[in-house]
Amino acid sequence: MQESTGYPTSTTKLPSEVFNKLTELPCGTQMNLEWFQTHVWSDTTKFTIPESQVICGMQANIYKIVLSNNAGDKHLSLIAKRVVPSELPSKASMELWQDFLDSVKREVDFYNTKTVKIPQLFPQIYYSHGFQDSKDVMKSFYLIIMSDVSESYFQKTSMNEKQASDLMKTLAQFHAQFWLHQNTNSEDRGSFWVLSRRNPLKEIENADETWKAILSRFPEFRNLGLEDIEDLGKLLASKAQLLDDFVRQHLLTQIHGDCKGWNLFFAKNEASENQVLLIDMQWTGLGHPLQDVVYALTTSLDADLLHKMDQFLDVYIDNLSKELKFDTSYLKDHFEKVWLDYARVIMTGLWKRFSPENIKKHQNTIGPSMIGRSLLHAEFIIKKVYDLLVIRKIV
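Each residue is numbered by its place in its chain's sequence as written, counting from 1. The predicted origin of the model limits local features to residues at a pLDDT of at least 70 and limits the giving and counting of side-chain atom pairs to 80 or more, whereas totals for whole chains, interfaces and linings rest on all residues. The basis for the side-chain values is all heavy atoms of the structure; hydrogens and waters are excluded.

Asks: Can you help me understand the overall build of the protein in this one?
Replies: Here a helix means four or more residues in a row that DSSP labels H or I, a strand means two or more in a row labelled E, and each is numbered from the N terminus. Check the secondary structure of the protein and you find 13 helices and twelve strands. Note that the radius of gyration is over C-alpha atoms, with the globule rule given as 2.2 Å times the number of residues to the power 0.38. A globule of 395 residues ought to have a C-alpha radius of gyration of about 21 Å, and the protein, at 22 Å, matches this closely. Referenced to the eigenvectors of the C-alpha coordinate spread, the extents of the protein come out at roughly 70 × 45 × 40 Å. Pairs at least 24 apart in sequence give 73% of the contacts found in the protein among residues at least 6 apart. As displayed, the protein offers around 17800 Å² of accessible surface, 49% of which is attributable to carbon and sulfur atoms. When the 44 basic and 50 acidic side-chain charges of the protein are each reduced to a single mean position, those positions are 2 Å apart. Note on definitions: a residue-residue contact is assigned when non-hydrogen atoms from the two residues lie within 4.5 Å. For the area figures, the Shrake-Rupley method with a 1.4 Å probe applies, and any residue is considered shielded solely by the protein chains shown. Neither His nor the chain ends contribute to the count of charged residues, in which Lys and Arg are positive and Asp and Glu negative. By convention, the point assigned to a charge is CZ for Arg, NZ for Lys, CD for Glu and CG for Asp.

Okay, structure coming up:
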């Protein structure tokens, strides 16, 4: 599968008027030599922002900052994530902008307050600040600056067996640090597929129509040997509230909330102490720990490993129990329901534009996970949903 050395290139050029603002800080000052010397590297005598390595994203402008010393023989590379709505592609409504900015604030706050507990699981964070403009959200401004880890780490769409096991160990460390330490009255729930977040999109009401449209685009799904497959979308939607309630009753820790391949860095050296680093914390919050596990395994396992999910669950449970120093094997009984809760948003929402054309289009695109680019993953998901709901009737 496609891999990235850690920093992809961009095919879209940033407008010059925006490029010239990349040294701005949300507080109104500028990144200059003195700022870098004080906050990042005291030996800095020069810094550059390579224009060819600015990524114009849908959700942020990402760019590299290269610091150099006086002799020019040492360099330090940083990655900056700049979110200014007026510089980004438009969204359908102000409500979507508000939800998006809330997620950015969530990430900024997380880096400021919570990575101190487990800094080894993240790139080094040098700056994480910003604000929402109460009068005009389009003038809001958030900026995150972190170390560029691409010399020692890489990204990829899907995980092999070792990478998946390493991620399970990393998630166990992450979850253990925050276990039952959250204030459930103030902490937002993590993950983008919380049912209340999806309800404005009317995915449950339109689930039957969405699913039948998927079957029309993929007639081969009718040949999977699943009786009454036409009713699967409607059946899954009918269980949505029960599944969401189950997850809500087990909000045990802080979760990543978007733990897929492209939000992870894997170590190039198998002897490295930290084999996996986490990034992109916009959907972090209180959740069921297995939400991260089912999401990571479903979106990012190599196709020939999907049938081994139980094996990776065991790795996670074993390591979580060691971290917490008590038995957490009871969580294995939660796996299927938590998995179905995520499958609900796949089949009723994320697959609305799933098509053979988009599978082909996404083969070499950085960002989309395996559920949007792999027919084998899609067939696995459909069969598993059918087995859990129709055959085993677990809900």
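Asks: How do you make sense of the pattern of salt bridges when you look at a structure like this?
Replies: Just to be clear on terms, a salt bridge is a Lys or Arg side-chain nitrogen sitting within 4 Å of an Asp or Glu carboxyl oxygen. All chains considered together, the criterion is met by 19 salt bridges. Between Glu 203 and Arg 198 there is a salt bridge, with its nearest N and O atoms 2.6 Å apart. Here the two residues Glu 203 and Arg 198 agree in accessibility, since each one is buried. The salt bridge partner of Lys 384 is Glu 336, with a shortest N-O separation of 3.1 Å. Of this pair, Lys 384 sits in helix α13 (residues 375-391) while Glu 336 sits in helix α11 (residues 335-350); the two residues are 48 residues apart in sequence, bridging distant segments of the chain. The exposure classification of Lys 384 matches that of Glu 336, with both residues buried. Only protein chains enter the accessibility calculation, which uses a 1.4 Å probe; a residue is then buried when its area is under 20% of its type maximum, exposed when over 50%, and partly exposed in between.

Asks: Could you clarify how one ought to interpret the nonpolar core in this entry?
Replies: Where a protein is soluble and globular, its nonpolar side chains tend to be buried together. By size, the foremost hydrophobic cluster in this structure holds 97 residues, and its most contacted members are Leu 167, Trp 351 and Val 385. By residue number, the principal contributor to this core is α11, which donates nine residues. With near-sequence residues (within four places) excluded, Val 385 lies in contact with Leu 232, Leu 236, Trp 339, Leu 340, Ala 343, Met 347 and Val 390. In plain words, nonpolar cores are sets of buried Ala, Val, Leu, Ile, Met, Phe, Trp, Tyr and Cys residues tied together by side-chain atoms within 4.5 Å. Counting 23 residues, the second-largest nonpolar core is a separate cluster that includes Leu 14, Phe 19, Trp 41 and Val 84.

Asks: What's the story with the side chain of Ser 147 in this structure? I'm lost.
Replies: Among the structural elements, Ser 147 can be located in strand β7 (residues 141-147). Judged by relative accessible area, which is 14%, Ser 147 ranks as buried. Discounting residues that sit within four places of it in the chain, Ser 147 has contacts with Ser 77, Leu 78, Ile 79, Pro 123, Gln 124 and Tyr 126.

Asks: Is there a simple way to think about the environment of Ser 77 in this case?
Replies: Among the secondary structure elements, Ser 77 is positioned in strand β5 (residues 75-83). A C-alpha to C-alpha distance of 5.4 Å links Ser 77 and Asp 148, two positions 71 residues apart in sequence. When near neighbours in sequence (up to four residues on either side) are disregarded, Ser 77 contacts Lys 64, Ile 65, Val 66, Ser 147 and Asp 148. Polar contacts here mean pairs of N or O atoms no more than 3.5 Å apart (in protein, one a potential hydrogen donor and the other a potential acceptor; neighbouring residues in sequence count only if both atoms are side-chain atoms). At 2.8 Å, the side chain of Ser 77 and the side chain of Asp 148 are in polar contact.

Asks: Can you walk me through the pairing of strand β4 (residues 61-68) in this structure?
Replies: Residues in a regular strand project their side chains so that they alternate between the two faces of the sheet. Counting buried positions over the eight residues of β4 gives seven, a clear majority of the element. Note that strand β2 (residues 46-48) and β4 share three bridges and pair antiparallel. Bridge pairing in β4 links Thr 48 to Val 66. In the sheet, strand β3 (residues 55-56) pairs with β4 via two bridges, with the strands oriented antiparallel. Across the sheet, the residue bridging to Cys 56 is Asn 61, located in β4. By definition, two strands form a pair when at least two bridges between them are found by DSSP. Two successive antiparallel strands, β3 and β4, enclose a turn made up of four residues.

Asks: Which parts of the structure should I look at to understand helix α10 (residues 309-324)?
Replies: Working note: α-helix, 3.6 residues per turn, so residues spaced by three or four point in the same direction. Helices are assigned an expected span. That span is 1.5 Å times one less than the residue count. For α10, which comprises 16 residues, the first-to-last C-alpha distance of 22 Å matches the rise-based estimate of 22 Å (1.5 Å per residue) to within 8%. Here α10 has its buried residues at Met 309, Phe 312, Leu 313, Val 315, Tyr 316, Ile 317, Asn 319, Leu 320, Ser 321 and Leu 324. In the core, the buried residues of α10 are packed alongside α4 (161-177), α9 (289-300), α11 and α13. Just beyond α10, the residue with positive phi is Lys 325, at close to 65°.

Asks: Got a minute to help me understand the pairing of β7 in this structure?
Replies: Counting buried positions along β7 gives seven out of seven residues, so the element sits mostly inside the fold. In this structure, strand β6 (residues 125-131) lies alongside β7, joined through six bridges in antiparallel fashion. The residue of β7 that forms the bridge with Tyr 127 is Ile 145.

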